[in-house]
Each structure stands twice: as structure tokens, then as C-alpha cells.
Amino acid sequence: MKVIFQVLIMVIFSLNSLLAQKNYTLSGFITDDNGEVLIGATIVSLKNSVGTTTNQYGFFSITLPFGENTLIVSSLGYISDTIKIFVDENKKLNLKLIPEVKKIDEVVINAHKSDENIKKANIGLVSLQSKTIKSIPVVFGESDLLKSIQLLPGVQSGVEGMGGFFVRGGNSDQNLIILDEAVVYNPNHLFGFFSVFNTDVIKNVELYKGAIPAEFGGRLSSVLDVRTKEGNLEKISGEGGIGLISSKISIDGPIIKNKSSFLISGRRTYADLMIPFSSDSNARKGKFYFYDLNTKFNYIINEKNRIYISGYFGRDVNRFAQTFKINYGNASFTLRWNHLFSPKYFSNFTLLYSNYNYIFGSAPEDVTRFLWKSSITNYMFKNDHSIYISTKNNLKFGLQSIFYKLKPAIITSEIESVVSEFKLPDNFAFEHALYLSHNYQTKNFKITYGFRVSLLQNIGKAEVYKYNNDFIVVDTLYYPSGKIFNYYLNFEPRLSLSFLINEKNSIKLGYNRMSQNIHLASNSTANFPLDIWFLSNLNIKPQIADQISLGYFRNFINNKIETSIEFFYKNIYNLIDFKDHAQLMLNPYLEGEIRTGKGFSYGAEFFIRKNIGNLIGWISYSYCRSFRKIKGINNDKVFPAPFDKPHNVSVVLSYNFSEKIDFSTNWVYSSAIPVTVPVGGYYYYNTWIPYFSERNSVRIPGTDYHRLDLSVNIKYKIFKLNAGTIVSVYNVYNRHNAFAVYFRDKSVSKVNNNGDGVDVVKLYLFPIIPSVYSYIKF
Amino acid sequence: MSVKQFLLLVIVFGIFVLFLSCEEPINYVLSENSDYKYVIEGSFTTLFKKHKVEISLSDNFLNKGPKKMVQNAIVYINSENETIYLQEEEPGIYYTPFMRAIKNKSYELNVLINGLHIKGKDTVRELLPVDSIFIIKGKEFSYTEQKYIEGFFVFLNMQEKQGKGDCYLFELLINNKLYNDSLKESVFYNDEFIDGNYLKNIKLFFIKNDDLPDTSIITVRVNLISHKYYNYLNELLMETYWRGSPWDGPSANAKSNFGNKALGFFYTADTREYHLKLLKNIE
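Residues numbered from 1 in each chain as written. Chains lettered and ligands numbered in written order. Predicted model: local features only at pLDDT ≥ 70, side-chain atom pairs only at ≥ 80, totals over all residues. Heavy atoms only, no water.

Take the overall build of chain A next. Summing up its helical and strand segments, chain A has four helices and 49 strands in all. Projected onto the principal axes, the alpha-carbon positions of chain A cover approximately 120 × 65 × 50 Å. Counting across all 778 residues of chain A, residues that qualify as buried make up 61%. Long-range contacts, defined as pairs at least 24 residues apart, comprise 64% of the intrachain contacts of chain A with a sequence gap of at least 6. (Helix = DSSP H or I, 4+ residues; strand = E, 2+ residues; numbered from the N terminus. Buried < 20%, exposed > 50% of the residue type's maximum accessible area, 1.4 Å probe, protein only. Contact = heavy atoms within 4.5 Å.)

See below:
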């Protein structure tokens with residue numbers, strides 16, 4: 001009997017033990033109080049010291065052992081929540097976080113997850129929220145995403161005021177810019193002075209500068225992942241604003257409360273409304289404006305299924321009196337379906353459409369009247385899967401397939417003109433990719449490793465030119481419709497490692513190989529709306545980049561101050577550049593203008609950020625060099641890339657002075673860009689002509705860039721609604737930053753046209769510019 | 001200028017009309033370069049005349065001053081069965097005898113100076129005759145003076161030769177003196193968008209009233225030039241008057257047909273002249 005009792009006790013204890021070791025999965029969505037899903041929110045088990053983060057759809061899955069547990073749920077800008085829970089079965093756990101506001105303020109950033117900087121695995125990833133972007137003063141007082149990311153370490157601007165950006169020595173077309181997963185080919189309005197992103201609808205922005213995850217590909221240098229809000233699931237809300245350049249309004253709300261919501265947002269400039277009042281009859285016939293329209297619909301079908309539909313349409317309209325017109329814009333459409341196969345298995349199916357097109361036409365009565373059209377369209381299917389095997393292990397895999405349709409140029413004349421119809425051959429291709437990555441973590445160590453395989457297939461109908469060694473066309477090959485006549489297969493390993501030294505220190509390492517099959521035909525540092533994209537093919541190999549990065553992260557004063565230092569090195573193979581005086585527009589033999597070679601860049605980024613308190617912001621310094629060696633350019637010698645600016649400093653600060661007033665300031669500095677200067681001159685055709693030596697060999701003293709901006713946000717109520725006015729001053733000390741530098745014969749110079757000789761002239765665009773912007777929220 | 005370049009120029013110009021761009025001089029001293037290069041500017045056309053080759057030296061860029069002519073060079077033009085020696089009649093300016101180039105023939109300019117032998121080659125292609133040239137009185141808006149200027153437009157009608165690759169250089173002479181005598185006034189096109197079309201009422205030039213005597217002989221010279229020379233003129237403009245926007249490509253030297261040995265260009269052309277008498281004060 002005694003033995004039986006002892007055996008029974010042993011069995012009971014064993015059973016208890018077994019039960020105690022059994023794990024259960026808690027899964028669900030983390031949202032804010034309006035039902036907006038939170039991306040990158042963290043859920044951590046205090047008992048087990050393990051955690052996870054929400055994915056792009058706010059979904060999390062965490063597997064914990066049986067028993068009592070305490071979870072800390074947190075996200076940037078929200079009040080952390082502590083949840084006590086008894087884990088005894090798989091549970092659905094949908095959680096809400098309340099925004100943390102400082103008094104009545106909603107512009108200031110705070111409540112940053114205290115040690116996220118140390119613990120998160122990704123090196124080279126920067127997240128920005130809409131609140132941050134809106135608090136940064138930019139030209140004309142309009143908040144702007146692309147101008148804001150130019151203030152981050154490792155990101156450089158091109159030309160003053162323009163939207164192009166360069167990441168760790170990579171060209172501007174080497175950045176994958178996606179809006180709700182749809183590719184944006186030209187993210188600029190008004191020739192680059194504004195971006196297409198309406199900051200009122202942005203929810204989250206992530207910029208990957210290095211260690212790019214395997215689910216992303218197609219560009220060498222970075223991924224800018226922009227996600228818009230889904231729409232308030234609780235109540236109708238909105239906001240609007242009026243500025244000097246544009247006005248905007250956004251409305252969102254539930255269609256079915258807590259189940260379905262909509263969002264619609266529009267923005268338009270209105271300077272053209274003043275044109276009819278011009279005294280110049282020619283000017284009165286002009287039109288200049290741009291607009292954006294963002295729409296979104298989402299529907300929670302049930303616990304396991306959600307549908308999202310989003311669309312964007314934007315356009316720039318420019319008509320110059322009776323001379324010519326230039327209209328261009330993007331359109332995109334995304335349909336996504338989230339499906340939960342199980343609490344540990346999340347999947348997403350996406351259909352996407354992206355288009356960029358432009359029309360350039362002359363006056364209809366012109367004897368050389370013409371209409372020039374160009375477009376790039378892609379149709380894409382994506383399927384992504386995440387399996388949360390355990391809290392330490394998760395697996396991601398997926399596939400995507402893109403169909404490209406490029407119509408580089410067609411010129412027609414609807415009525416009699418001396419200009420003939422002209423057409424560049426269309427280009428078609430498929431680009432497929434498969435990826436797989438595994439994430440493993442312990443208390444002090446995290447590793448994400450994986451790979452991406454990309455396949456480009458060029459498809460007919462196509463007309464392909466064969467060139468000799470002198471880039472002269474020697475033959476033309478014709479391929480019928482549907483025929484795959486060329487392919488490129490690339491294997492891209494990815495790696496990200498993080499070692500937690502202690503609660504305040506960590507070291508991170510990252511590596512990625514990226515390939516790029518689509519390229520922009522541009523040889524300047526400023527984006528031009530008529531630039532065209534072209535595909536790799538028989539004559540042009542994909543560009544390939546390897547980047548390695550290493551960083552040390554350290555927090556101070558109880559995580560109130562975050563610091564980091566990162567080093568990187570990047571090698572680019574088959575780097576595309578263009579010969580001297582390349583003809584990139586309307587050129588059927590564009591490939592003959594291309595020269596390929598190698599590029600390399602390296603640098604260090606120092607970053608210090610304060611997220612808590614009345615004064616918040618960051619200071620960054622980066623040193624970055626970028627070089628190229630291209631056969632046929634600069635006598636085959638190494639030369640600096642046109643955007644090579646070694647020193648870059650950004651100071652971005654915001655001070656909450658009171659409940660009603662916030663101050664913000666930026667100060668930026670960057671080295672002068674390298675230019676090609678004349679080493680002599682000569683007369684030809686009665687004109688003084690410059691003679692050059694090495695490309696990009698000189699930085700002209702005094703053309704380095706620096707600027708101070710200030711703004712004050714004055715908050716008040718209008719009919720009990722939150723409102724405010726932002727008064728800002730761009731370029732406070734009126735620095736004449738060079739927009740372009742050139743050498744001009746005095747006889748044609750506007751500057752000093754007396755006498756013979758030559759002037760070195762800089763063109764500057766923005767002197768001191770005050771502006772005002774008023775907003776209201778409801 | 002091609003239609004393509006015209007389009008680009010219009011865009012760039014329009015953008016800068018839109019924005020109040022401001023200019024400022026920079027006090028920057030370029031490094032002296034004692035490695036001066038020879039500059040050769042020469043032509044040989046089907047007009048019966050003395051054809052000219054000028055040889056000068058380059059100089060330090062910011063010290064634009066008088067041309068430094070190069071004397072005592074040996075200059076000759078080779079074709080398949082003849083050699084034509086040029087005589088230095090003015091300092092640095094060398095002339096052929098009265099003669100003309102032959103259509104569809106190639107000519108190579110040779111310059112021997114200080115132990116250096118510089119060569120440049122070009123080929124004469126055949127030009128179709130122009131149907132008509134006519135002049136109409138009118139006004140043109142001047143963006144530099146911001147007003148309308150009275151003057152005369154010169155128009156052309158011609159059939160463009162079938163087959164791409166034809167490039168035209170138009171020159172205007174008033175009483176035998178070249179009117180568009182600098183690069184910024186040069187008028188040149190290729191046939192990329194107009195190949196084989198009938199070019200009707202194409203405006204070539206505008207002559208300001210103030211530049212005309214009461215009676216003038218207006219000569220329009222039509223040259224069919226090579227594609228290489230057309231590219232050279234384009235590249236010169238890209239480095240001078242067309243430069244100054246953020247969308248410019250990197251600066252580079254215009255590609256001469258002398259290789260690395262000299263700057264400039266030796267071009268050949270099939271050329272025709274058309275003369276009109278203009279009485280300024282008759283309506």
C-alpha cells in the first residue's frame with residue numbers, strides 16, 4: 001500500500017511536471033485606442049525574459065510555459081501596459097495601448113521603449129513615426145517624409161531642397177521606396193521640392209540601411225517602407241491643415257465599428273489659383289499644381305482573416321502658358337489578405353499595381369507640336385509566411401512575382417506637324433523571388449540568417465541591339481511576344497547578429513548581398529520627372545552589392561540617452577554609370593551610353609538620441625565616402641561619386657515649453673559636393689570653352705552646406721477641437737547654399753557682365769523663408 | 001540643335017522661369033595649368049572659296065583674353081588622291097587656295113607643330129537642295145530684355161532626305177558678314193524626329209531691326225554636317241550655355257576629331273547658299 005501511494009505521488013508529481021513544461025501560445029493583434037494596428041510593438045514575458053514584436057500588421061505570437069506570467073506590452077509613443085495572465089491554453093489576446101501624451105501635446109515624441117535600442121536585433125534599421133516627421137521644420141512649412149529622413153545618419157540629400165536621397169554611398173535609384181508595399185517609382189512632386197507622402201496618413205516608416213531582411217530585395221542600398229493608417233475603427237475622426245503651398249484634409253472612421261474602417265485623404269497645392277489674377281495674359285494661361293489622394297479600406301472578416309485595400313493617386317500638372325505642358329504622377333493599388341493558419345502561423349497574400357507615367361507636350365499650334373508619353377507599370381503578387389515555432393525560433397518565408405511593362409517613350413502628333421511619330425521599344429520582364437529566413441534568440445544573443453533568390457526573365461516582344469566594343473550597334477535581334485530570351489539568377493545571403501553585453505550595451509553585426517535588375521537612366525544628383533527606368537537584359541547585367549556593418553550600442557542615464565556607433569563597408573559590382581555627355585532621353589541606343597564598373601563606399605555613423613523629457617531629439621554625425629571606377633570614364637581611374645559628401649551633421653531638437661507651445665529646430669551640415677572644374681579654356685566658334693581634367697576632383701571652398709531652421713507650434717482650441725498653428729523659418733541665417741555651381745563667361749553672366757573673363761558662379765534657391773501652417777483635428 | 005535638345009532646353013528654361021533662382025559669384029582661384037593644348041578650328045566645304053583653319057593655344061580658364069594664335073605650323077589636307085597645302089596669311093590662320101570639297105569624299109586635316117603631328121578626319125555627305133527661303137517681318141519676345149523686339153523672321157521649306165543621320169548647320173550672313181557668329185547663336189538640327197518629312201515654314205533665324213541697314217543681302221548658308229560634328233557642337237553647348245541646372249550630367253570635354261592631341265574640330269560639309277535682298281522699310 002505504501003509503495004502504491006509512493007508511486008501515485010510520483011505519478012502526480014510527474015504529471016504536474018509535464019503540465020508545467022507544456023507551452024501555450026498567446027497570439028493576437030496590438031492596436032491603439034482607435035483600432036490602428038501597431039507595428040513593432042513589443043511584448044515581453046518578465047518571468048521568462050523572452051519577447052517578440054508585432055509584424056507589419058500588428059500581429060504577434062509568443063509561446064510561454066504553463067503558469068502565471070506577467071507581460072509588458074510597449075510601443076514607441078504609447079503607455080506601456082502590464083498584463084498578468086495565467087497561461088493554460090492557446091489564447092487569443094488582442095491588446096490596446098493608449099498614446100502617451102505630455103499634457104495635451106501630441107507632437108512630442110516620448111515613451112520610447114527604454115532599452116529597445118540595445119535589444120532589438122536589426123542593425124541599420126531606423127523607425128520614424130508620423131509625429132516625429134511632423135515636428136521637423138522643413139522648407140515652406142510643409143512637413144515632408146523625404147526631407148525628414150535626410151536628417152538621419154547615413155542618409156544624404158542630393159541637391160538643396162530636392163527629394164532624392166543617398167544611403168551609405170548608394171545612388172538614389174538604389175532605394176526601394178514602397179507605400180503599403182506598392183513600389184513608388186518617382187516619390188517627388190514639383191520636380192523634387194515635395195514628396196508624394198502625405199504625412200497625415202503615415203502611420204509608420206522604417207528605413208533599412210543595412211542588414212536588409214530577406215523579404216526585401218530589388219535595390220542595392222536601402223528599403224524605405226512606408227505604411228499608412230488603416231482608419232479609425234472606433235469613431236469618425238480627421239484632420240486638416242492649410243499652409244502656404246498646399247492644403248490637406250483627412251477623414252477616417254468605422255464602416256462597422258470595430259470591424260471595418262475607411263480612410264480618405266487629399267492634398268492639393270493652390271498657388272495656381274492666383275494665376276488668373278496675373279497681369280500677363282500669357283501667364284494667365286498657365287497651370288501649376290499637384291495633388292495626392294490616399295484611400296484605404298479594411299475589413300476584419302473574422303479572427304483569422306482580414307482584408308486591406310489601399311490606393312494612391314497623385315499628379316503634377318504644369319502648363320507653361322502657350323508653350324508646353326508636363327504632367328506626371330504615380331498610381332498604386334494594394335489588396336492584402338491576412339490569414340492565420342494557426343496561432344503560430346501568420347500569412348499575408350498581396351496583389352499590387354504600381355504605375356508612374358508622364359506626358360510632355362508642346363503647344364498645339366506649334367509647327368513642331370508633339371506629345372511625348374512614357375510609363376512604367378508593374379503588377380505584383382506576394383505571399384509571405386511567418387511561423388512562430390517557439391519564442392526563441394521563428395521562420396519566415398515567401399515568394400513574390402512582378403511583371404514589368406516599360407513604355408519608355410512614344411512621341412506622336414495628333415495633327416499635322418513636322419515631328420514624326422517616334423517610339424522606343426517597349427520592355428517586358430518577370431522578376432521572381434523566393435526567400436527564407438530563420439530567427440533564433442536567447443537572452444543575450446539574437447541571430448537572423450537567411451537568403452533570397454531572385455530571378456529576372458526578359459520577355460518578348462522585344463527589340464535588342466547588339467553592340468561592338470566601341471558601343472556601336474552592329475546587329476538587331478527581334479524576339480516574339482512571350483518568349484523568354486534572357487535570364488539572370490542571383491543568390492542573396494542575409495545575416496543579422498546581436499550580442500547583448502548587458503542591459504546597457506550591445507554589439508550588432510549585419511551582412512547583406514542585394515541585386516538590382518531595374519535602373520534609372522539619370523546622371524545627375526537631382527531626380528528629374530522625365531527620367532526613365534530600364535531593365536537589365538542581354539547587354540546590361542544586374543548590379544550587385546555586398547554590405548557589411550558593425551555597430552556598438554550604449555544607453556546612459558537609465559536609458560534616457562541612447563547612443564550608437566556603426567561602421568559599414570559596401571562593394572558594388574556591375575555598377576552602372578553613363579559616358580560623358582550621355583544622351584539619356586529618347587535614345588533607342590541607351591545601352592550604348594552605359595558604362596559599368598565597380599563602386600565602393602565606407603563610413604561611420606555616430607548617433608545620440610534623447611527620447612524622454614521636455615527636450616528630445618537627436619544629434620548625428622556621419623563620415624561617408626563613395627567612389628567609382630568605371631571603364632571609359634575619367635581615364636579608367638577611381639573618382640568620387642557625385643554625391644560623395646564626407647562629413648554630415650544633423651541636430652534635430654524639440655522642446656516642449658508648455659502645454660500650448662513647442663519649439664523645434666534643425667541644424668544640418670554637409671561637405672561640399674565634388675565637382676569637375678576646368679583646368680584651362682580655349683576659343684571655339686568665338687566662344688570661350690572650358691577644358692576639364694579629372695571628374696569630381698575638386699570641392700570648391702564655400703560651397704559646403706549648412707542651414708538652421710526654427711519652428712514654433714502654438715496649440716489652441718477651436719470649438720473644443722484641437723488645433724494649432726506652426727510658424728517656421730527655413731534657413732534662419734540666410735545661408736546661400738549652392739544649388740548648382742558653374743563657370744560662366746562674363747558676357748552672359750547675370751552676376752557681373754562687365755569686361756572679359758569668367759566667373760565662378762553658384763546658383764542658390766532658398767534664402768530665409770518664413771512660413772505658417774495651421775491645422776485642426778476632429 | 002535637335003528637337004530632343006530643344007525639348008530639354010525648354011524644360012530647363014521653364015523651370016528656372018518658375019523659380020526665382022539667384023546667382024552669386026564665388027571667389028575661387030583655379031589652379032594654374034601650364035600644360036596648354038593646341039586648338040584647331042577648321043572647315044572644308046563644297047563652296048568655292050578659300051577655306052580656313054585657325055590654330056591657337058588654350059589658356060588658364062579664368063584668364064579669358066585674346067586668342068593666342070600659333071604661327072609657323074605646317075598645315076595640309078589629305079584626300080585619297082591629293083594633298084592641299086594651306087598658307088598662313090594671318091597669324092595663326094591658314095588658308096587653302098580657292099577650291100571646293102567634293103561630295104562623298106573624306107578629307108583629313110594634318111597639322112605639324114613642334115614635333116607633334118595632329119590629324120582629324122571628316123566626310124562630305126550630299127545635301128538636298130532647299131525649296132525656298134523667305135523672310136517675314138514680325139516681333140519676337142526677348143527674355144533677356146523682357147519686351148518684344150521688332151525684326152524679321154527667316155523661314156525655310158525643304159524636303160528632308162530619307163534615312164536617319166542627317167545633321168544640318170545653318171548660318172546667316174548679312175552683307176557677307178556672319179550674323180550668328182558665336183556658339184550661343186548657332187543653329188543646328190538632326191533629323192531624328194523629322195526624317196524624310198517635308199519641312200514647311202521652319203523658322204531658322206530672327207534678325208533684329210537694329211542690326212539691319214536699310215538694304216541688305218541676306219544669305220542663308222545650309223550645311224549638311226557629319227553626326228560627329230553635330231555631337232561636338234551639342235557637347236560644347238552642354239558645357240557652356242546649357243549648363244547650370246541640378247539636372248546636368250557631370251562636366252566633360254567635348255569630343256574632338258583630333259583624339260587627345262588637340263582640342264577643336266575639323267569638319268567638312270556639303271554647303272549651299274541662298275541669297276535674298278531685304279529692304280527694311282518696305283512693308
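Here the narrative resumes.
Turning our eyes to something else, we now look at the overall build of chain B. Scanning chain B from N- to C-terminus turns up two helices and 18 strands. For 283 residues, the compact-globule estimate of 2.2 N^0.38 gives 19 Å, and chain B sits close to it at 20 Å. Along the first, second and third principal axes, the C-alpha set of chain B runs to 55 × 50 × 40 Å. Looking at the 283 residues of chain B, the share that counts as buried comes to 57%. (Rg over C-alpha atoms; globule rule 2.2 N^0.38 Å.)

To continue, consider the interface of chain A and chain B. Across the contact, 74 residues belong to chain A and 77 residues belong to chain B. With both sides pooled, the region where chain A packs onto chain B buries about 7100 Å², and carbon together with sulfur makes up 66% of that total. Counting the surface chain A buries against chain B, the share from its top three residues, His581(A), Tyr684(A) and Tyr685(A), is 14%. In this structure, Lys762(A) engages Glu24(B) in a salt bridge whose closest nitrogen and oxygen atoms are separated by 3.5 Å. Our count for the contact surface shared by chain A and chain B stands at 15 residue pairs in polar contact (both at pLDDT 80 or more). Looking at the side of chain A that touches chain B, the elements with two or more residues in it are strand S43 (678-684), strand S44 (687-692), strand S47 (738-745) and strand S48 (758-764) of chain A. For the side of chain A that touches chain B, a count of residues per class yields 50 nonpolar, 17 polar and seven charged. For S48(A) and strand S1 (residues 22-25) of chain B, the ladder comprises four bridges, and the chain directions are antiparallel. Bridging across to S1(B), Leu763(A) finds its partner in Glu23(B). (Buried area = accessible area lost by both parts, 1.4 Å probe. Salt bridge = Lys/Arg side-chain N within 4 Å of Asp/Glu carboxyl O. Polar contact = N/O pair within 3.5 Å; in protein donor to acceptor, adjacent residues only side chain to side chain. Nonpolar A, V, L, I, M, F, W, Y, C, P; charged D, E, K, R; others polar. Pairing = 2+ DSSP bridges.)

Residue and element names in this part refer to chain B. Sheet analysis places strand S5 (residues 74-79) next to strand S9 (residues 106-113), joined by five bridges and oriented antiparallel. Note on S9: the bridge partner recorded for Ile74 is Leu112. Sheet topology note: the S9/strand S10 (residues 116-123) ladder contains eight bridges and is antiparallel. Each bridged residue has a counterpart across the sheet, and for Val111 the counterpart in S10 is Ile118. Turn length for the S9-S10 hairpin, with the two strands adjacent in sequence and antiparallel, is two residues, and the turn residue Asn114 shows positive phi of about 50°.

The next subject is the packing of aromatic side chains. One pass over the full model with this rule turns up 51 aromatic pairs over all chains. Relative to Phe485(A), the ring of Tyr479(A) lies with its centre 4.2 Å away and its plane at 10°, an arrangement referred to as stacked. Side by side, Tyr479(A) and Phe485(A) carry an identical accessibility label, which is buried. An angle of 40° between the planes, with centres 5.3 Å apart, marks the rings of Tyr76(B) and Tyr85(B) as tilted. Ring-pair connections join several aromatic residues into one group, and the members of that group are Phe29(A), Tyr57(A), Phe59(A), Tyr308(A), Phe346(A) and Tyr388(A). Its guanidinium or amino end placed over the ring of Phe556(A), Arg554(A) lies 4.5 Å from that ring's centre, counting from NZ or CZ. (Phe/Tyr/Trp six-rings, centres within 6.5 Å; stacked < 30°, edge-to-face > 60°. Lys NZ or Arg CZ within 6 Å of the ring centre and 35° of its normal.)

Another point: the domain arrangement of chain B. Residues and elements named next belong to chain B. Partitioning chain B into structural domains gives domain 1 (38-123) and domain 2 (130-245 + 271-279). Taking the mean C-alpha position of each, domain 1 and domain 2 sit 25 Å from one another. Across the contact, six residues belong to domain 1 and six residues belong to domain 2. The contact between domain 1 and domain 2 buries some 430 Å² in all, and 41% of this surface belongs to carbon and sulfur atoms. When the buried surface of domain 1 facing domain 2 is broken down by residue, Thr46, Leu47 and Asp122 rank first, second and third, together holding 68% of it. At the junction of domain 1 and domain 2, the tally comes to zero salt bridges. Applying the counting criterion to the domain 1 and domain 2 interface returns two residue pairs in polar contact (both at pLDDT 80 or more). Tallied by class, the residues present in the side of domain 1 that touches domain 2 amount to one nonpolar, two polar and three charged. (Domains from an automatic or database assignment.)

Residues and elements named next belong to chain B. Strand order in the open sheet formed by three strands is S11-S12-S16, and the pairing between neighbours is antiparallel. The sheet terminates laterally at strand S11 (130-142) and strand S16 (198-208), the two strands that pair on one side only. Each neighbouring strand pair of the sheet contributes to a mean axis angle of 25°, computed without reference to strand direction. Relative to S16, strand S12 (residues 147-159) runs antiparallel, the two sharing eight bridges. Residue Phe155 lies in a different strand from S16, and its bridge partner there is Lys203. (Axes fitted to C-alpha atoms, helices over the stretch in contact; angles between N-to-C directions.)

The subject of this paragraph is the confidence of the model for chain B. Per-residue confidence for chain B gives a mean pLDDT of 88, with 90% of residues at or over 70. ipTM for the predicted complex: 0.92, alongside a pTM of 0.88. (pLDDT = per-residue confidence, 0-100.)

Attention shifts here to the pattern of salt bridges. All names here are of chain A. Under the criterion given, the structure shown has 46 salt bridges over all chains. Note that Asp88 and Lys91 form a salt bridge whose closest N and O atoms lie 3.6 Å from each other. Where Arg735 meets Asp704, a salt bridge forms, and the shortest distance between an N and an O atom there is 3.2 Å. Of this pair, Arg735 sits in the loop between strand S46 (721-730) and S47 while Asp704 sits in the loop between S44 and strand S45 (705-718), placing them 31 residues apart in sequence. Looking at Arg735, the relative accessible area reads 17%, which means it is buried. What emerges from the salt-bridge pattern is a single network uniting Glu36, Asp180, Glu181, Lys203, Asp225, Arg227, Glu230, Lys296, Arg336, Lys382 and Asp384.

Quick look at the sheet that holds strand S2 (residues 42-45) of chain A now. Sheet strands pair by backbone hydrogen bonding; their relative direction is either parallel or antiparallel. Residues and elements named next belong to chain A. The sheet built from four strands is open, its strands ordered S3-S2-S5-S6 with antiparallel pairing. Edge positions in the open sheet fall to strand S3 (50-53) and strand S6 (81-87), since each of these has one partner strand only. Taking each pair of neighbouring strands and ignoring which way they run, the sheet shows an average axis angle of 25°. The pairing of S2 with S3 spans four bridges and is antiparallel. Note that in S3 the partner of Thr42 across the bridge is Thr53.

All right, on to a nonpolar patch on the surface then. Taken together, the side chains of Ile236(A), Ile249(A), Ile251(A), Ile264(A), Leu293(A), Phe313(A), Leu721(A) and Phe778(A) define a hydrophobic patch exposed on the protein surface, amounting to about 650 Å² of accessible area. Topologically, Phe313(A) is positioned in strand S22 (residues 305-320). (Patch = residues over 30% accessible without salt bridge, like charges linked within 9 Å, V, L, I, M, F, W, Y side chains within 5 Å. Areas by Shrake-Rupley, 256 points an atom, 1.4 Å probe, with all protein chains shown as cover.)

Turning our attention to helix H2 (residues 227-238) of chain B. Residue and element names in this part refer to chain B. End to end, H2 covers 16 Å across 12 residues, agreeing with the expected 16 Å (1.5 Å per residue, within 8%). Counting buried positions along H2 gives nine out of 12 residues, so the element sits mostly inside the fold. All buried positions along H2 are accounted for by Tyr229, Tyr230, Tyr232, Leu233, Asn234, Glu235, Leu236, Leu237 and Met238. (Expected span 1.5 Å × (residues − 1).)

Residue and element names in this part refer to chain B. Most of strand S8 (residues 93-99) is tucked away: five of the seven residues are buried. Sheet topology note: the strand S3 (residues 49-57)/S8 ladder contains five bridges and is antiparallel. What sits directly across from Lys52, in S8, is Tyr95. Where strand S7 (residues 87-90) lies against S8, three bridges are found, and the strand directions are antiparallel. When the sheet's bridge partners are listed, Gln87 is paired in S8 with Tyr95. Once S7 ends, the chain turns through two residues before running back antiparallel as S8, passing Gly92 with a positive phi of about 80°.

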